[in-house]
Amino acid sequence: MTESNRSMKDLTTLRTELAEKDTELVRLLAERMNLIRQVAEYKASKGLPSFDREREGALLEVLLAKANEAGLPEDVVRDVFASLFAASRLDQRRFLQTQAERFTIGIIGGTEGMGAFLAKVFRAGGYQVETMGLEEGRTAEQVAASNDLVVLAVPIASTVEVARQIGPHLRPGACLMDITSIKRQPLAAMLESTPEHVDVVGTHPMFGPHGVDFDRQKVVLCAGRGEAGFARVKKLYEAFGAETISASAQEHDAQMALIQVLVHEKTMVLGSVLERLKADLGRSLQFASPIYRTELAMMGRLFSQRAELYADILTANEDALRLSHVFEQEAGHFARAVAMSDRETIIRRFRQVSTYMQDFAAWARKQSDAILEELVRRG
């Protein structure tokens, strides 16, 4: 037998063994999906959500440790199990939706934006959904009077007015909820305008109108009136994959001042500076580090959306003024230090902030490393 024939035979043998391992992997995947369905049944019986962030994160850490022991690249294991976890969550969501309580949903402002997205998701899950907009559907009062769950999905500036307009029309046992990014004023308006036999819940989906459903997304829930309505809304979001967080309206707005107002104001200032400079953004990307590319992408994403939305976010939150003032002060401190080439002031302030963030730093470094590695890998 020639050397060439021996090589061909060896390659054929290796391919046969690989095929056997692939077949074994498929069998194991089928067994895993069967276990996932049993998990879904158990969660449905106990009223548990499909997504458990802590459990998923802890399991991935264990698997990555085992990968290191076996000499496997972390990124391969991470990618494989990201796909498996996503398939598992989807299977669980589909099962939970088949077991979910059925009720009618009316969405005021449901013909575009976030309202239209919610309508699409809920309809895909088998719910009867009625929507209305400025020039479509029945009147807001008619929709409010005809549905079990009524969702306010109008702009922030209009939410209080529309809540007062439709509140008196909700029928006994119904629930009124909103989806705005502030909670104190909308929740107060919904409570004041609705009769005592109508439940009220303030909600804030922490995501935009994209994706198939709410998989791995966060929704803040603020209790208003009625335990039944709160439980109904919570289970509805969780059936479509959301992670729900309970908070008072006051805490929510204070947190949003940090998460939304401060971050969006910073992004808008950076974009405004680039516009003032007439910077060549395309050319700058050729020099860009992954961090700059990410920052620029987030700026572009923000400025591709509605100006009115961000104006409302920055001006409607009662906690915004205080944070904006502190932001202005700190920016001024750094600007003066730069103007005076005051290196020591910058170092001192940097170290003060570093000390403040030291307990947070390990998580932040790990998260940012994963983001940057993914950006570099995908170009």
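Right, let's walk through the structure included here.

Definitions and limits used
- Residues numbered from 1 in each chain as written.
- Predicted model: local features only at pLDDT ≥ 70, side-chain atom pairs only at ≥ 80, totals over all residues.
- Heavy atoms only, no water.
- Axes fitted to C-alpha atoms, helices over the stretch in contact; angles between N-to-C directions.
- Helix = DSSP H or I, 4+ residues; strand = E, 2+ residues; numbered from the N terminus.
- Parallel < 35°, antiparallel > 145°, perpendicular 65-115°, else oblique.
- Contact = heavy atoms within 4.5 Å.
- Nonpolar A, V, L, I, M, F, W, Y, C, P; charged D, E, K, R; others polar.
- 1 Å grid on protein atoms, 1.4 Å probe; cavity = no way out; pocket = protein on both sides within 12 Å on 5 of 7 lines; lining within 4 Å.
- Points joined across faces, edges and corners; volume = space filled by probe spheres on them.
- Salt bridge = Lys/Arg side-chain N within 4 Å of Asp/Glu carboxyl O.
- Buried < 20%, exposed > 50% of the residue type's maximum accessible area, 1.4 Å probe, protein only.
- Core = buried A, V, L, I, M, F, W, Y, C linked by side-chain atoms within 4.5 Å.
- Pairing = 2+ DSSP bridges.
- Right-handed = clockwise from strand over helix to strand, strands pointing away.
- Polar contact = N/O pair within 3.5 Å; in protein donor to acceptor, adjacent residues only side chain to side chain.
- Phe/Tyr/Trp six-rings, centres within 6.5 Å; stacked < 30°, edge-to-face > 60°.
- Lys NZ or Arg CZ within 6 Å of the ring centre and 35° of its normal.

1. Brief notes about the packing of helix 6 (residues 156-166) against helix 7 (residues 184-193)
Taken N-terminus to C-terminus, the directions of helix 6 and helix 7 make an angle of 10°; their axes are 8 Å apart at the nearest point. Taken together, the axes of helix 6 and helix 7 lie roughly parallel to each other. Contact residues: Thr159, Val160, Ala163 and Arg164 in helix 6; Gln185, Pro186, Ala189, Met190, Glu192 and Ser193 in helix 7. Residue classes in the contact of helix 6 with helix 7 are distributed as five nonpolar, three polar and two charged.

2. Here's the deal with the layout of surface pockets
Roughly 980 Å³ of internal volume is contained in the second largest pocket. As for the second largest pocket, its lining consists of 18 residues, and the residues nearest its centre are Leu258, Leu262, Val353, Tyr356 and Met357. It is helix 13 (residues 320-339) that provides the largest number of residues to the lining of the second largest pocket, a total of seven residues. Grouping the amino acids of the lining of the second largest pocket by side-chain chemistry returns 13 nonpolar, no polar and five charged.

3. Focus: the pattern of salt bridges
Tallied over the entire structure, the rule returns 22 salt bridges. Across the salt bridge formed by Glu56 and Arg89, the nearest N and O atoms sit 3.0 Å from each other. Placement of the pair is Glu56 in helix 2 (residues 53-70) and Arg89 in helix 3 (residues 74-99), with a sequence separation of 33 residues. Its salt-bridge partner being Glu330, residue Arg349 comes within 3.4 Å of it at the nearest N-O pair. Placement of Arg349 in helix 14 (residues 343-356) and of Glu330 in helix 13 is noted, with a sequence separation of 19 residues between them. The exposure class assigned to Glu330 is partly exposed, which follows from its relative accessible area of 25%. Among the charged side chains, a network of salt bridges with common partners joins Glu56, Arg89, Arg93, Asp213, Asp215 and Arg216.

4. Some points on the nonpolar core
One finds Ile105, Phe122, Tyr127, Leu149, Phe214 and Tyr237 to be the most contacted residues of the largest nonpolar core, which totals 30 residues. Looking at this core, the elements that each hand over two or more residues are strand 1 (105-108), helix 4 (113-124), strand 3 (149-152), strand 4 (175-178), strand 6 (218-225) and helix 8 (227-239). The leading source of residues in this core is helix 4, at six residues. Ignoring sequence-local partners within four residues, the contact set of Tyr237 consists of Met177, Ile179, Thr203, Pro205, Phe214, Val219, Leu221, Ala242 and Thr244. Counting residues in hydrophobic clusters, the runner-up holds 23 residues, among them Ala144, Leu170, Ala174 and Leu176.

5. Side note on the sheet that holds strand 7 (residues 243-246)
An order of 2-1-3-4-5-6-7 is seen for the seven strands of this open sheet, with the pairing classed as mixed. Both edges of this open sheet fall to strand 2 (129-132) and strand 7, since each of them pairs with a single strand only. With strand direction ignored, the average angle separating the axes of adjacent strands in the sheet is 25°.

6. Section: the pairing of strand 3
By the alternation rule, side chains of strand 3 split into Leu149 and Val151 and Val150 and Leu152, which are all buried. Here four bridges tie strand 1 to strand 3, and the two strands are oriented parallel to one another. Its bridge partner being in strand 3, Ile108 is matched across the sheet by Leu152. The parallel pair strand 3 and strand 4, bridged by helix 6, forms a crossover whose chirality is right-handed.

7. Describing the side chain of Arg93
Inspection of the secondary structure assignment puts Arg93 in helix 3. In this structure Arg93 comes out as buried when scored by relative accessible area, which is 4%. Only 2.6 Å separates the side chain of Arg93 from the side chain of Asp213, close enough to count as a polar contact. Here the side chain of Arg93 touches Asp215 through a polar contact of 3.1 Å, side chain to side chain. For Arg93, the contacting residues outside a window of four places in its chain are Ser50, Asp213, Asp215, Ala239, Phe240 and Gly241.

8. Considering the environment of Asp359
Mapped onto the fold, Asp359 is located in helix 15 (residues 358-378). Classification of Asp359 as exposed rests on a relative accessible area of 76%.

9. Digging into the packing of aromatic side chains
Under the criterion given, the structure shown has 11 aromatic pairs. When the ring of Phe103 is compared with that of Tyr127, the centres are 5.3 Å apart and the planes differ by 50°; the resulting orientation is tilted. With a gap of 24 residues between them, Phe103 in the loop between helix 3 and strand 1 and Tyr127 in the loop between helix 4 and strand 2 connect regions that are remote in the sequence. Judged by its relative accessible area of 7%, Tyr127 falls in the buried class. Each member of the aromatic cluster is reached from another via a ring pair, and the members are Phe103, Phe117, Phe122, Tyr127, Phe207, Phe214, Tyr237 and Phe240. Note that Arg102 overlies the ring of Tyr127, its terminal NZ or CZ placed 4.5 Å from the centroid. For Arg232, the ring lying beneath its charged end belongs to Phe103, and the centroid distance is 4.3 Å.

Keep in mind these numbers describe shape, not what the thing actually does.
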